Amino acid sequence: MVSIPVADPQDNSHCGFSLGAHVAGYAGRGVQNKGFKIGRILGMLKISGLDPASPLFRQLLATSLVSLNSGDAHYVDVIHSDGARHWSEGLGLFEAIGHSDYFPNGGLDQPGCEHKKNAVLVSHLEGTMNSSVVCNHIRAWKLFYESLKMSKREDGCKFFAFHCPGGLKSFKLGTCFPQRCVENSPDGSCGMMGYGSEESKARGALYLVTRDTAPYCGHQMRALVVLSEKTLKMKGNLQLNITSDDDVTSFNFYSENEDEISGGLELRALGAAKFSSVDPEVNKVLSVTLRF
């Protein structure tokens, strides 16, 4: 767990990764139970949970005395990068537990990480936590750290995030991408993941796409592919690659039936390009490749 000391006690905030996220929540409850106030606020002002640990905690979510939750501070934001829908799948919680819960790339698997089926079980059997097993899990603090660095720059990239009423499925189908996200959107339609997220009015579950390597923040885009009516029904996936002079942006398309496509379908997918790499004022030559 990391505590960030500041001059103004009302700016006090805590950030915890994995098990440390729950420790931060426990500390927040302790401060409240003691009746301590930070300025005019009872308890801590803010807690950031970075992929809060899932093993043993999924069964205890209903017990507010154990896991991090929105009651532990005035504002609790959570980044889910290795969510577990089953106890053996991932090292982080997939359930929304804060005021604002961010699900980069859907919150289950991260681009650039090798998919490890039954990651928790594998780590126990091997008796080790190698880089491939924890890649998705540690991505949460890497994203937060990058947002902290970018906050120091006026022209820094922002991890804008948006609501998906249909949840993960709508996100994968690319049907909930907003026309435009602005910093601190007054209507709360878009949030900003990471450092400074409390400045946004967005609450609830929020989604975004990132790049597969650092810097992870990029220009989020949506691509649309319309299949000819003559296209036969078949199993498989489409991938669209947009190449500029120094970057490749990939879009992976999914249909309602996951890996089945047929004629007449309109497929949408989200991707994140390297910051400024698709600016027509900077890069005027692009190549596009569609693969099946």
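Position numbers for residues count from 1 along each chain, tracking the sequence in the order it is written. Only residues with pLDDT of at least 70 get local features here, since the model is predicted, and only at 80 or more are side-chain atom pairs given and counted; chain-wide, interface and lining totals rely on the full set of residues. Computation of side-chain values covers all heavy atoms of the structure but excludes hydrogens and water.

Whenever I open this one, the overall build of the chain confuses me. Can you help?
Elements are defined by DSSP. Helices are runs of H or I of four residues or more, strands are runs of E of two residues or more, and each kind is numbered from the N terminus. From N to C terminus, the chain includes 4 helices and 19 strands. Burial status follows relative accessibility: with a 1.4 Å probe on protein chains alone, a residue under 20% of its type maximum counts as buried, one over 50% as exposed, and anything between as partly exposed. With 292 residues in all, the chain has 47% of them scored as buried. A fraction of 70% describes how many contacts in the chain between residues 6 or more apart in sequence connect residues 24 or more apart. Accessible area for the chain stands at about 14900 Å²; split by element, carbon and sulfur atoms hold 54% of it. Working rule for contacts: check all heavy atoms of both residues, and any pair within 4.5 Å makes them a contact. All accessible areas in this document rest on Shrake-Rupley with a 1.4 Å probe, and a residue is counted as covered only by the protein chains that are shown.

Honestly, the side chain of Ser18 in this entry has me stumped. Any pointers?
With respect to the helices and strands, the residue Ser18 is situated in the loop between β2 (13-17) and α1 (19-33). Setting aside residues up to four positions removed in sequence, Ser18 forms contacts with Leu50, Asp51, Pro52, Ala53 and His137.

What should I look at first to understand the sheet that holds strand β19 (residues 287-291) in this one?
Backbone hydrogen bonds are what pair the strands of a sheet, in a parallel or an antiparallel way. When DSSP locates at least two bridges between a pair of strands, those strands are taken to pair. In spatial order, the strands read β16-β15-β19; together these 3 strands make up an open sheet with antiparallel pairing. Taken across any chain shown, the strands that pair with only one partner, and hence form the sheet edges, are β16 (248-253) and β19. Averaged over neighbouring strand pairs, the angle between their axes works out to 15° when direction is ignored. Convention adopted: a line fitted to C-alpha atoms gives each axis, helices being fitted over their contacting stretch, and angles between N-to-C directions are expressed from 0 to 180 degrees.

I would appreciate a short explanation of the environment of Glu95 in the present structure.
Tracing the chain through its elements places Glu95 in the loop between β8 (92-93) and β9 (100-104). When the C-alpha positions of Glu95 and Ala84 are compared, they lie 8.5 Å apart, and in sequence the two are 11 residues distant.

What is the right way to look at the pattern of salt bridges in this model?
One side chain can pair with another of opposite charge once the charged atoms of both are near each other. Salt bridges are defined as contacts in which a side-chain nitrogen from Lys or Arg sits within 4 Å of a carboxyl oxygen from Asp or Glu. Per the stated rule, a full pass over the model turns up 7 salt bridges. When the shortest N-O distance is used, the salt bridge between Glu256 and Lys169 registers 3.1 Å. With Glu256 in the loop between β16 and β17 (260-261) and Lys169 in helix α4 (residues 167-173), this residue pair connects regions lying 87 residues apart in the sequence. Of the residues examined, Glu256 reaches a relative accessible area of 54% and is grouped as exposed. One salt bridge in this structure joins Lys235 and Glu260, with 3.8 Å as the shortest N-O distance. Of this pair, Lys235 sits in strand β14 (residues 234-235) while Glu260 sits in strand β17; the two residues are 25 residues apart in sequence, bridging distant segments of the chain. The class for Lys235 is exposed, based on a relative accessible area of 58%.

For this particular structure, what's the right way to read the nonpolar core?
In summary, soluble globular proteins display a tendency toward joint burial of nonpolar side chains. If you look at the biggest cluster of nonpolar residues, it comprises 17 residues, and the most contacted ones within it are Leu50, Ile79, Tyr102, Phe159 and Met193. Only β6 (73-79), α3 (131-150) and β12 (204-208) provide two or more residues apiece to this core. Tallying contributions element by element places α3 first for this core, with 3 residues. Among the nonpolar cores identified, the runner-up in size contains 13 residues, and Phe94, Leu168, Val209 and Ala272 belong to it. What we call a nonpolar core is a set of buried Ala, Val, Leu, Ile, Met, Phe, Trp, Tyr and Cys residues that are connected through their side-chain atoms within 4.5 Å.

How should I be thinking about α1 in this particular structure?
An α-helix turns once every 3.6 residues. As a result, residues three or four positions apart point the same way. Taking 1.5 Å as the rise per residue, α1 with 15 residues should run 21 Å; its terminal C-alpha atoms sit 21 Å apart, in good agreement. Where α1 is buried, its residues touch β2, β5 (44-50) and β8. Note on α1: the residue one or two positions beyond its end, Gly35, has a positive phi of about 80°. The length a helix should cover is 1.5 Å for every residue beyond the first.

Can you walk me through the layout of surface pockets in this structure?
With a probe scaled to a water molecule rolled over the atoms, the places where space remains empty come into view. As a volume, the largest pocket reaches approximately 920 Å³. Around the largest pocket sit 34 residues that line it, and Asn105, Asp109, Pro111, Asn252 and Tyr254 are the ones nearest its centre. Each residue is assigned to one class: nonpolar for Ala, Val, Leu, Ile, Met, Phe, Trp, Tyr, Cys and Pro, charged for Asp, Glu, Lys and Arg, and polar for all the others, Gly among them. Tallied by class, residues from the lining of the largest pocket come to 12 nonpolar, 12 polar and 10 charged. The split of the chain into domains comes from an automatic or database domain assignment. Formed jointly, the lining of the largest pocket draws a minimum of three residues from each of two domains, domain 1 (13-216) and domain 2 (220-291). For each structure, a 1 Å grid was placed over the protein atoms alone; sets of points admitting a 1.4 Å probe that cannot get out are labelled cavities, open sets with protein on both sides within 12 Å along at least five of seven lines are labelled pockets, and lining residues have an atom within 4 Å of a point. Grid points are joined across faces, edges and corners, and a volume is the space filled by probe spheres set on the points.

Would you mind going over the state of the cysteines with me for this structure?
Linking two cysteines covalently via their sulfur atoms produces the bond known as a disulfide. For the purposes of this analysis, a disulfide is any pair of cysteine sulfur atoms at a distance within 2.5 Å. Counted according to the given criterion, the structure contains 4 disulfides. Each sulfur in the disulfide pair Cys157 and Cys217 lies 2.0 Å from the other. Residues Cys157 and Cys217 are joined by a disulfide whose S-S torsion is about -70°; by sign, that bridge is left-handed. Placement of Cys157 in the loop between α3 and β10 (160-162) and of Cys217 in the loop between β12 and β13 (218-226) is noted, with a sequence separation of 60 residues between them. By relative accessible area, which is 3% here, Cys217 ends up buried.

Where do I start with unusual backbone geometry in this structure?
The bulk of non-glycine residues show a negative phi, and the bulk of peptide bonds are trans. Here the amide bond leading from Ala214 into Pro215 is cis, since omega sits at -5°, within 30 degrees of zero. Secondary-structure assignment places Pro215 in the loop between β12 and β13. Within the chain, Ser18 stands out as a residue other than glycine whose phi angle is a positive 60°. Exposure remark for Ser18: the relative accessible area of 15% places this residue in the buried category.

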